[in-house]
Amino acid sequence: KNKKIKKSDAIVDKKENEIPVVDPSISDTKEDNKKLLKLIDEKYNYMKGRIIPQVYNQDEYAYAKSLNYENIIYTLYLTKDTPDEIIAFCKREHPYAITMSTEWAKLDSFVKALDDLGVYTYVHTINDRKQYEDLRAKGIDGIYTDALFD
């Protein structure tokens, strides 16, 4: 997939309390996403290249884009959009990634359409290695997890 950030671009810093810190980081708030994005833009603009906003609807996506965030994740957690509407959105906007529940991930044609568009796909929240492997076999690029597993 031809995206601005590749896996090899992520930097892991183990010096901070021996806990891996990955750069870039994903921002996520369920309260007032626009307020957080504006705060980062105004007070921490120098950090924007290290932050990937996660937005909950197309309006928030447009707002993040208007603030010149380069890579934006659209999460389907709260969406009322249909799969066809999301595919049309991705054709038009080319988001960095879509994150979804396991229910969305069961829609094989949806996952394939996103892959064909070069959109990374992530599923939340997966804490089981077998489930992770099954999702990867389906073409899902990665997962959100509460704990890393062996």
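Residues numbered from 1 in each chain as written. Predicted model: local features only at pLDDT ≥ 70, side-chain atom pairs only at ≥ 80, totals over all residues. Heavy atoms only, no water.

## Comments concerning the overall build of the protein
Each helix and strand counted, the protein has 6 helices and 8 strands in total. Along the protein, from the amino end to the carboxyl end, the secondary structure elements read β-β-β-α-β-α-β-α-β-α-α-β-α-β. Buried positions account for 38% of the 150 residues belonging to the protein. Counted over contacts in the protein with a minimum sequence separation of 6, partners at least 24 positions apart contribute 44%. (Helix = DSSP H or I, 4+ residues; strand = E, 2+ residues; numbered from the N terminus. Buried < 20%, exposed > 50% of the residue type's maximum accessible area, 1.4 Å probe, protein only. Contact = heavy atoms within 4.5 Å.)

## Let's talk about the side chain of Thr-79
Within the element layout of this structure, Thr-79 appears in the loop between strand 5 (73-75) and helix 3 (83-93). When its relative accessible area of 17% is taken as the criterion, Thr-79 is described as buried. At 3.2 Å, the side chain of Thr-79 and the side chain of Tyr-74 are in polar contact. There is a polar contact of 2.9 Å between the side chain of Thr-79 and the backbone nitrogen of Asp-81. (Polar contact = N/O pair within 3.5 Å; in protein donor to acceptor, adjacent residues only side chain to side chain.)

## What to know about the packing of helix 3 against helix 5 (residues 108-116)
Contact geometry of helix 3 with helix 5 gives a least axis separation of 10 Å together with a crossing angle of 5°. Regarding the angle of helix 3 to helix 5, the classification is roughly parallel. On helix 5, the residues that touch Pro-83, Ile-86, Ile-87 and Cys-90 of helix 3 are Phe-110, Ala-113 and Leu-114. Residues that form the contact of helix 3 with helix 5 fall into these classes: 7 nonpolar, no polar and no charged. (Axes fitted to C-alpha atoms, helices over the stretch in contact; angles between N-to-C directions. Parallel < 35°, antiparallel > 145°, perpendicular 65-115°, else oblique. Nonpolar A, V, L, I, M, F, W, Y, C, P; charged D, E, K, R; others polar.)

## What about the side chain of Thr-75?
Of note, Thr-75 is situated in strand 5. Ignoring anything within four residues of it in the chain, the contact list for Thr-75 reads Gln-54, Val-55, Tyr-56, Thr-99 and His-124.

## Comments concerning the pairing of strand 4 (residues 51-55)
For strand 4, the tally of buried residues reaches 5 of 5 residues, placing the bulk of the element in the interior. A two-sided burial pattern is seen for strand 4, the buried positions comprising Ile-51, Pro-53 and Val-55 on one face and Ile-52 and Gln-54 on the other. The handedness of the strand 4 to strand 5 crossover, carried by helix 2 (residues 58-66), is right-handed. (Right-handed = clockwise from strand over helix to strand, strands pointing away.)

## Notes on the packing of helix 2 against helix 3
Axis separation between helix 2 and helix 3 bottoms out at 12 Å; the angle between their running directions is 10°. The orientation of helix 2 with respect to helix 3, classified from their angle, is roughly parallel. For the pair formed by helix 2 and helix 3, the contact residues are Gln-58, Tyr-61 and Lys-65 on the first element and Glu-85, Phe-89, Arg-92 and Glu-93 on the second.

## Structural notes on the nonpolar core
If you look at the biggest cluster of nonpolar residues, it comprises 28 residues, and the most contacted ones within it are Leu-76, Ile-98, Met-100, Phe-110 and Leu-114. Ranked by residues supplied to this core, first place goes to helix 3 with 4 residues. Residues in contact with Ile-98, not counting those within four places in the same chain, are Tyr-74, Leu-76, Ile-86, Cys-90, Leu-114, Val-119, Tyr-120, Thr-121 and Tyr-122. Ile-73, Tyr-96, Ala-97 and Tyr-122 belong to the second-largest nonpolar core, a separate cluster that totals 6 residues. (Core = buried A, V, L, I, M, F, W, Y, C linked by side-chain atoms within 4.5 Å.)

## Looking at the environment of Lys-106
Its location among the elements puts Lys-106 in the loop between helix 4 (102-105) and helix 5. In sequence terms Lys-106 and Leu-135 are 29 residues apart; their C-alpha atoms lie 9.0 Å from each other. Engagement of the side chain of Lys-106 in a polar contact is seen with the side chain of Glu-103, the distance being 3.0 Å.

## A short note on the packing of aromatic side chains
Geometrically, a pair of aromatic rings is defined through the distance of the ring centres and the angle of the planes. Applying the stated criterion across every chain yields a total of 7 aromatic pairs. When the ring of Tyr-56 is compared with that of Tyr-77, the centres are 6.1 Å apart and the planes differ by 70°; the resulting orientation is edge-to-face. Placement of the pair is Tyr-56 in the loop between strand 4 and helix 2 and Tyr-77 in the loop between strand 5 and helix 3, with a sequence separation of 21 residues. Each ring, one from Trp-104 and one from Phe-110, has its centre 5.2 Å from the other, and the planes form 45°; the classification is tilted. Trp-104 gets classed as buried once you look at its relative accessible area, which sits at 15%. A relative accessible area of 3% places Phe-110 in the buried class. By the ring-pair criterion, three or more aromatic residues cluster together here, those being Tyr-96, Tyr-120, Tyr-122 and Tyr-144. (Phe/Tyr/Trp six-rings, centres within 6.5 Å; stacked < 30°, edge-to-face > 60°.)

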